[in-house]
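# Residue-level structural notes
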Amino acid sequence: MRMTRFFLVVSAVVAAWVAEGSACGDKFLRIGKSMQSSRYVAIYPAPMLVYAPTNSTLARVRDLPSVLTRAGHSPVVVTDATALGTAMASGKYDLVLAGLEHAQELATRKDRSASAPDVLPVLVKPTKAELAAANILSSCVLNATGGHVNVALAEIDHRMELRRKAQGTASRR
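A brief structural summary. (Residues numbered from 1 in each chain as written. Predicted model: local features only at pLDDT ≥ 70, side-chain atom pairs only at ≥ 80, totals over all residues. Heavy atoms only, no water.)

## Quick word on the nonpolar core
- Met48, Leu58, Leu64, Leu68, Leu97, Leu153 and Ile156 are the most contacted members of the largest nonpolar core, which has 21 residues in total.
- Of all the secondary structure elements, the ones that give two or more residues to this core are β3 (47–51), α2 (64–71), β5 (95–99), β6 (118–123) and α6 (149–172).
- Excluding residues within four positions of it along the chain, methionine 48 makes contact with Leu68, His73, Ser74, Pro75, Val76, Tyr93, Leu95, Leu97 and Ile156.
- In terms of nonpolar packing, the next biggest core, distinct from the first, is built from twelve residues, Met88, Tyr93, Ala103 and Leu106 among them. (Core = buried A, V, L, I, M, F, W, Y, C linked by side-chain atoms within 4.5 Å. Buried < 20%, exposed > 50% of the residue type's maximum accessible area, 1.4 Å probe, protein only. Helix = DSSP H or I, 4+ residues; strand = E, 2+ residues; numbered from the N terminus. Contact = heavy atoms within 4.5 Å.)

Below you can see the structure in the form of structure tokens.
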């Protein structure tokens, strides 16, 4: 009888530990990856503006808005300069994604925006000179050349983490 009780208690403890351990593991898996579909889940979901005019670098990355949405971000795509100016003046965006050819101009315009978003240059098959120019422009560069999409999403999360840290430092002053 004592042995039966002992095994019942041990079984209950093990069952509780397994149930609690799997729930805890699920929370850790949600940071960066979803357990159910192995898709990337943003650590820092962000409202972002995607500037993709015709014949630009970002116009060639067709599924970028849907990938960003599935990861938890809120992308708004604009395709002309007028819509870009309106969106930057009226909306609150943390990031602006643009090809290198437009990112340099946007970096100078961002201070006139209500939210002063970070500009993240997006490169597709960059030359060494383009990569160097993008690294001067931003500490984070999104290289969309045939790599896994999770690498690009992790780079966006890294940029958002840097932005949050900078905002935290500025608010403590």
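That covers the picture; the talk isn't over yet.
## Details of the sheet that holds strand β4 (residues 74–78)
- Judged by pairing direction, the sheet is parallel, and its five strands sit side by side in the order β4-β3-β5-β6-β7 without closing on themselves. Edge positions in the sheet fall to β4 and β7 (142–143), since each has one partner strand and no second.
- Note: β3 against β4, five bridges, orientation parallel. Pairing of valine 50 across the sheet is with valine 77, part of β4.
- Running over the sheet, helix α3 (residues 81–90) touches β3 and β4 and is turned about 165° from β3.
- The strands touched by helix α4 (residues 100–109) within the sheet are β3, β5 and β6, with β5 carrying the most contacts at an inclination of about 140°. (Pairing = 2+ DSSP bridges. Axes fitted to C-alpha atoms, helices over the stretch in contact; angles between N-to-C directions.)

## Brief notes about the side chain of histidine 73
- Of note, histidine 73 is situated in the loop between α2 and β4.
- Residue classification places histidine 73 among the buried positions, given a relative accessible area of 4%.
- In this structure the side chain of histidine 73 is engaged in a polar contact, spanning 3.0 Å, whose partner is the backbone nitrogen of alanine 46. (Polar contact = N/O pair within 3.5 Å; in protein donor to acceptor, adjacent residues only side chain to side chain.)

## Some thoughts on the pattern of salt bridges
- Tallied over the entire structure, the rule returns four salt bridges.
- Its salt-bridge partner being arginine 163, residue aspartate 94 comes within 3.6 Å of it at the nearest N-O pair. Separated by 69 residues along the polypeptide, aspartate 94 in the loop between α3 and β5 and arginine 163 in helix α6 bring together distant segments of the chain. Per residue, the accessibility class of aspartate 94 equals that of arginine 163, and both read buried.
- Aspartate 118 is paired through a salt bridge with arginine 163; the nearest N and O atoms lie 3.4 Å apart. Separated by 45 residues along the polypeptide, aspartate 118 in strand β6 and arginine 163 in helix α6 bring together distant segments of the chain. Across the pair, exposure class does not vary: aspartate 118 and arginine 163 are buried alike. (Salt bridge = Lys/Arg side-chain N within 4 Å of Asp/Glu carboxyl O.)

## A look at the environment of isoleucine 43
- Looking at the element boundaries, isoleucine 43 is found in the loop between β2 (40–41) and β3.
- For isoleucine 43, a relative accessible area of 42% gives the class partly exposed.
- When the C-alpha positions of isoleucine 43 and alanine 71 are compared, they lie 9.1 Å apart, and in sequence the two are 28 residues distant.

## Some remarks on the pairing of β5
- Counted residue by residue, β5 has five buried out of five residues, so it is predominantly covered.
- The alternating pattern of β5 places Leu95, Leu97 and Gly99 on one face and Val96 and Ala98 on the opposite face, and all of these are buried.
- As paired elements, β3 and β5 share four bridges and run parallel to each other. What sits directly across from leucine 49, in β5, is valine 96.

Interpretation in functional terms is not warranted from these geometric data alone.
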